[in-house]
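A structural walkthrough
One letter stands for each residue in the lines below.
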Amino acid sequence: MEKKSNFGKIVFILIIFIIIILGILIMKQSGMELLPNEGNTEETSGAVENMMSESNIKNEMQYEQTNIVEPVLKVETSNSNTTENTMQESNGYFYSQLGEDAKKIYDAIENHIEEMKTGNYTIDMGDTFQELLEQEDGSARLEQAYQDAWDAINTDRVDLFYIDSSKVRLYTKQTTFWNHSTYTVSIGPVENSNYFAQGYTSKQMVEQTLAELENTKQTIVSQLTGNTYQKIAQLNTYLVDTITYDETLNRTNTRNIYGALIEKQVVCEGYAKALKYVLDAIDIPCVIVSGTATNTDGQTEAHMWNYVQIGENWYAVDSTWNDPAIVGGGSPTHAMKTAYLCKGQSTMQKDHIPNGKVSQKGMTFTYPILSQQDYY
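No experiment lies behind these values; they were computed from the predicted model shown. Along each chain, the written sequence defines residue order, and numbers are assigned to residues from 1. Confidence filtering applies because this is a predicted model: local features only for residues at pLDDT of at least 70, side-chain atom pairs given and counted only at 80 or more, and all residues used for totals across whole chains, interfaces and linings. Calculated side-chain values reflect all of the structure's heavy atoms, with hydrogen atoms and water omitted.

Here the aromatic set is Phe, Tyr and Trp, taking the six-membered ring for Trp, and pairing holds for ring centres within 6.5 Å; pairs whose planes are under 30 degrees apart are stacked, those over 60 apart are edge-to-face, and all others are tilted. Counted by the stated rule, this structure contains 13 aromatic pairs. Measuring from centroid to centroid gives 6.0 Å for phenylalanine 177 and tryptophan 178, while their planes differ by 5°, and the two rings are stacked. Between buried and exposed lies partly exposed: a residue is buried under 20% and exposed over 50% of the maximum accessible area for its type, with that area taken using a 1.4 Å probe on protein chains only. According to the relative accessible area criterion, phenylalanine 177 is partly exposed, its value standing at 22%. With 5.4 Å between their ring centres and 90° between their planes, tyrosine 315 and tyrosine 375 make a pair best called edge-to-face. Taken together, the positions of tyrosine 315 in strand β10 (residues 313-317) and tyrosine 375 in the segment after β13 (367-368) put the pair 60 residues apart, joining distant regions of the chain. A connected cluster of aromatic rings, assembled from ring pairs, spans Tyr93, Phe94, Tyr307, Trp314, Phe365 and Tyr367. Two limits define a charge over a ring: the Lys NZ or Arg CZ must be within 6 Å of the ring centre, and within 35 degrees of the ring normal. The lysine or arginine in question, lysine 103, covers the ring of tyrosine 95, its NZ or CZ lying 5.4 Å from the ring centre. In this text, helices come from DSSP runs of H or I with a minimum length of four residues, and strands from runs of E with a minimum of two, each type numbered from the N-terminal end.

Rendered as structure tokens:
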């Protein structure tokens, strides 16, 4: 009888063990995550490249993510990167050209702008990119989407100058258990650091700066009168009359709207962003254009200017070139101030070549098709 009793216990234990194994297999097949804090965990991160301007072109992107092969993307110099001349939301012009993954990253950043004013907030995107990262080239595609998203938002949102996107990291965490990997993604600062642009140290400082800019913008807007062209012309004149071109190329705010509208000394990127910042406030469609320009001395350099929409047509405005340095001193004449004001393709193609590149490694964006003729 004792042998029979022991046999029954053994059978009972085997049945319980089989039930447990079957339960685990069923949960795994159904996609349930088991013990998410155990198993093998890998975390990688990537950095975004800065925008290109006169002295800010980088030949290589700085990535921290491992096992990423960086493609060498050629910067186009042709004038073929234009899109159909349709009305688009000015503030999201470049957003509309992004792929779905890049749009998700752009949306996540834009939805947490208030929190990011702290300089160290981390955006948790959870398993948003699980399906993408399960693919063989998923990590590389996500890194590209991340770069493209920042290129777009830095161009659409000129008011985010207090964030240095090259200091923000995309973190991918991989947790593996029983040959099943789960991926979570977050966007945040480098450990024990922040992503404030140079000169900014706190949320309070950021908010004070933005309030100062808002007051200045409203003062400018209150002085703009007449039709769309007249308002653009008045704003161009204001920028030319109040801003001095930064010959040093190394001032802290030389490439942003604070440097243009408050400190009043910037390079071409600052002029272009200031024009957009004010025109956005009065709903005049305006986009920033990146490319190259060749001056009267035959020198070609990276450059930024704007396209603006009047009625159904688009025209170019280059406030930087409307503010030339006068040999021997003096102020630009009216003809100089309007030399690149609301010009069409017939004028701009002579010395301005858009290339659609915000950063060396980013996507090539398209711009509105310019009117063939000047506005007037």
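All right, on to the pairing of β10 then. Counting buried positions over the 5 residues of β10 gives 4, a clear majority of the element. Two strands qualify as a pair provided DSSP detects at least 2 bridges between them. Sheet topology note: the strand β9 (residues 300-310)/β10 ladder contains 5 bridges and is antiparallel. Note on β10: the bridge partner recorded for glutamine 309 is tryptophan 314. Between β9 and β10, which pair antiparallel in sequence order, lie 2 residues; one of them, glycine 311, sits at a positive phi of approximately 65°. Here β10 runs beside strand β11 (residues 341-343); their pairing, made up of 2 bridges, is antiparallel. In the strand pairing of β11, alanine 316 is matched with lysine 343.

A few words now on the side chain of aspartate 323. Here aspartate 323 is to be found in the loop between β10 and α10 (334-337). If we skip the residues at most four places from it in the chain, aspartate 323 touches Val240, Ile243, Tyr271 and Pro332. Residue contacts are counted whenever heavy atoms from the two residues lie within 4.5 Å of one another.

Moving on, we get to the environment of valine 266. Looking at the secondary structure, you find valine 266 in strand β7 (residues 265-266). With 18 residues separating them in the primary sequence, valine 266 and threonine 248 have C-alpha atoms 9.4 Å apart. Non-local contacts of valine 266, meaning those with residues more than four positions away in its chain, are made with Ile243, Thr244, Tyr245, Asp246, Asn253, Thr254, Asn256, Gly259, Ala260 and Tyr271.

Before going further, it helps to spend a moment on the sheet that holds strand β12 (residues 352-354). With antiparallel pairing, 5 strands are arranged side by side in an open sheet as β11-β10-β9-β8-β12. Strand pairing shows two members of the sheet lacking a second neighbour, β11 and β12, which therefore form its edges. Strand-to-strand, the axes of this sheet are offset by a mean angle of 45°, without reference to chain direction. Against the sheet, helix α7 (residues 228-242) engages β9, β10 and β11, with an angle of about 125° to β11. In this description, a line fitted to the C-alpha atoms serves as the axis of each element, helices being fitted only across the stretch in contact, and the angle between N-to-C directions of two axes falls anywhere from 0 to 180 degrees. Where helix α9 (residues 268-281) meets the sheet, it contacts β8 (286-294), β9 and β10, and its direction lies at approximately 15° from that of β9.

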